[in-house]
2 protein chains.
Amino acid sequence: MKLSGGVEWAVHCCVVLSQAEGPVPAQRLAEFHGISRTYLAKHLQQLSRAGLVSSTEGRVGGYALTRPGGEITLLDVVLAIEGREQAFRCTEIRQNGPLPASPQACKKACGVARAMHAAEQAWRESLKGVTIADLAVSVEQDAGPDTFVRVREWLGT
Amino acid sequence: MKLSGGVEWAVHCCVVLSQAEGPVPAQRLAEFHGISRTYLAKHLQQLSRAGLVSSTEGRVGGYALTRPGGEITLLDVVLAIEGREQAFRCTEIRQNGPLPASPQACKKACGVARAMHAAEQAWRESLKGVTIADLAVSVEQDAGPDTFVRVREWLGT
DNA sequence: GTTAACGCGGATAACTGATATCCGCGATTA
DNA sequence: TAATCGCGGATATCAGTTATCCGCGTTAAC
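Residues numbered from 1 in each chain as written. Chains lettered and ligands numbered in written order. Predicted model: local features only at pLDDT ≥ 70, side-chain atom pairs only at ≥ 80, totals over all residues. Heavy atoms only, no water.

A few words on the overall build of chain A. When its secondary structure is counted, chain A shows seven helices and two strands. In chain A, the succession of α and β elements from N to C terminus is α-α-α-β-β-α-α-α-α. Relative to the globule expectation of 15 Å for 157 residues, the C-alpha radius of gyration of chain A, 20 Å, shows a markedly less compact shape. Its C-alpha atoms give chain A principal-axis dimensions of about 70 × 35 × 25 Å. Considering chain A as a whole, with its 157 residues, one finds that 48% of them fall into the buried category. Considering only intrachain contacts with a sequence separation of at least 6, the fraction spanning at least 24 residues in chain A is 64%. Put simply, chain A shows about 7,500 Å² of open surface, and 51% of that area lies on carbon and sulfur atoms. Taking the average location of the 17 positive side-chain charges in chain A and that of its 16 negative ones, the two points are 10 Å from each other. (Helix = DSSP H or I, 4+ residues; strand = E, 2+ residues; numbered from the N terminus. Rg over C-alpha atoms; globule rule 2.2 N^0.38 Å. Buried < 20%, exposed > 50% of the residue type's maximum accessible area, 1.4 Å probe, protein only. Contact = heavy atoms within 4.5 Å. Areas by Shrake-Rupley, 256 points an atom, 1.4 Å probe, with all protein chains shown as cover. Lys, Arg positive; Asp, Glu negative; His and termini not counted. Charge placed at Lys NZ, Arg CZ, Asp CG, Glu CD.)

Here you go:
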């Protein structure tokens, strides 16, 4: 089980965007994080399709958050990049073999699937409790109070 | 993000083993669940290496749980199959680019990684709260009180 | 009006990991 | 001695991730 590396990129980009003043081009976000421009573009397009960021085309285009950082959760970003499917996928093996479960019993999900999905729900709830704004605060605490001032400066360059 | 299909197989096998009277061969477990014998064998070997099941070789060999079902959690099985690595892997992109985080600040994990790992911890805690015995009970409730009697009967065939 | 910077979608390719099978080996028992 | 079993290695296939490139339309500056 592995999360796409794009999740990390997307989250960090959202934190930067939450502190930017205007639209930030993908090129700029890629440079800032030292990552591939073309591949990052794909992930930003996913964020755009999910409605988390808006894109402006043309000469001075780029990406911006559609909502304040406090209204975008980590879960929003993760689902936008990873998709909304559950990590655990029940293949209903209880219906196989010499003693298959009755169609009657299979109306509800099996105990294994229920437990796995409950765990995944706990994961999602935890991610839901963290916003981009929260992460921005933690970055500021770790890297110093002038961090985003310098980020904005560099973005304006 | 997707969990290995082997997790589902392994969990269901553990439930069956918790109700078996002697060692159950991989062949038998595969037949019972209508799945590939050779591939299931690989997963059972992983459970064996993790210490969740013991294997007896030879003519009347097979697999058995090393502990009562109540002492084996869903998390034990998932980690045995999926490995113990976190799904989210921080690549420290904060250290890249024109404004890299200071080595000082990087002594602790970044806020993004902390939040992702906290969510994963919540997932693990949830899995830790469910035992094989719990799952056996839920199977019995869903499929009827004589279910495991018939399972043992078929295994003995 | 032309040019340059930008986002968008499609095509493509390399690489990785999951899925799956087969084989020979040693162990055990009928 | 033969049949049944687990074990590990080699191998093949397939899907998903990672990544790049291209042409297209859009927009602003010159």
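Don't stop here, the text continues.
Okay, the interface of chain B and chain A next. Listed per partner, the contact involves 51 residues of chain B and 51 residues of chain A. Around 4,500 Å² of area is buried between chain B and chain A when both sides are counted, 69% of it from carbon and sulfur atoms. Contact with chain A buries area across many residues of chain B, yet B:Met1, B:Glu8 and B:Ile93 alone supply 18% of it, more than any other trio. In this structure, the connection of chain B to chain A is made through four salt bridges. (Buried area = accessible area lost by both parts, 1.4 Å probe. Salt bridge = Lys/Arg side-chain N within 4 Å of Asp/Glu carboxyl O.)

Take the environment of A:Ala87 next. Checked against the element boundaries, A:Ala87 lands in the loop between helix H4 (74-82) and helix H5 (111-128). Between the C-alpha atoms of A:Ala87 and A:Ala113, which are 26 residues apart in sequence, the distance is 11 Å. Non-local contacts of A:Ala87, meaning those with residues more than four positions away in its chain, are made with A:Glu120, B:Met1, B:Lys2 and B:Leu3.

Residues A:Leu47 and B:Leu47 are the most contacted members of the largest nonpolar core, which totals 101 residues. Among all residues touching A:Leu47, those that are not within four sequence positions of it are A:Ala10, A:Cys14, A:Leu52, A:Val53, A:Val77, A:Ala80 and A:Ile81. (Core = buried A, V, L, I, M, F, W, Y, C linked by side-chain atoms within 4.5 Å.)

Attention now moves to the protein's contact with DNA strand C. Around DNA strand C, the surrounding shell holds 27 residues, and the nearest of these are A:Lys42, A:Ser55, A:Tyr63, B:Ser4 and B:Ser36. Sugar plus phosphate, as a fraction of atoms of DNA strand C within 4 Å of the protein: 62%. Here B:Glu57 contributes a side-chain N or O atom positioned 2.9 Å from a sugar or linking oxygen of DNA strand C. Breaking the surface near DNA strand C down by element, the ones donating at least two residues are helix H3 (37-49), strand E1 (53-56) and strand E2 (62-65) of chain A together with helix H1 (5-19) and helix H3 (37-49) of chain B. The dominant element in the surface near DNA strand C, judged by the number of residues it contributes, is H3(A), at four residues. In terms of residue class, the surface near DNA strand C is made up of seven nonpolar, 12 polar and eight charged. (Near = heavy atom within 4 Å. Polar contact = N/O pair within 3.5 Å; in protein donor to acceptor, adjacent residues only side chain to side chain. Nonpolar A, V, L, I, M, F, W, Y, C, P; charged D, E, K, R; others polar.)

Let us now look at the pattern of salt bridges. All names here are of chain A. The final tally for this structure, using the stated rule, is 12 salt bridges over all chains. When the shortest N-O distance is used, the salt bridge between Asp146 and Arg150 registers 3.6 Å. Exposure remark for Asp146: the relative accessible area of 39% places this residue in the partly exposed category.

With that out of the way, let us pick up H3(A). All names here are of chain A. The end-to-end C-alpha separation of H3 is 18 Å, in line with the 18 Å expected for 13 residues at 1.5 Å each. Those residues of H3 that fall on the buried side of the exposure criterion are Leu40, Ala41, His43, Leu44 and Leu47. In the stretch just after H3, Gly51 is the one whose phi turns positive, near 85°. (Expected span 1.5 Å × (residues − 1).)

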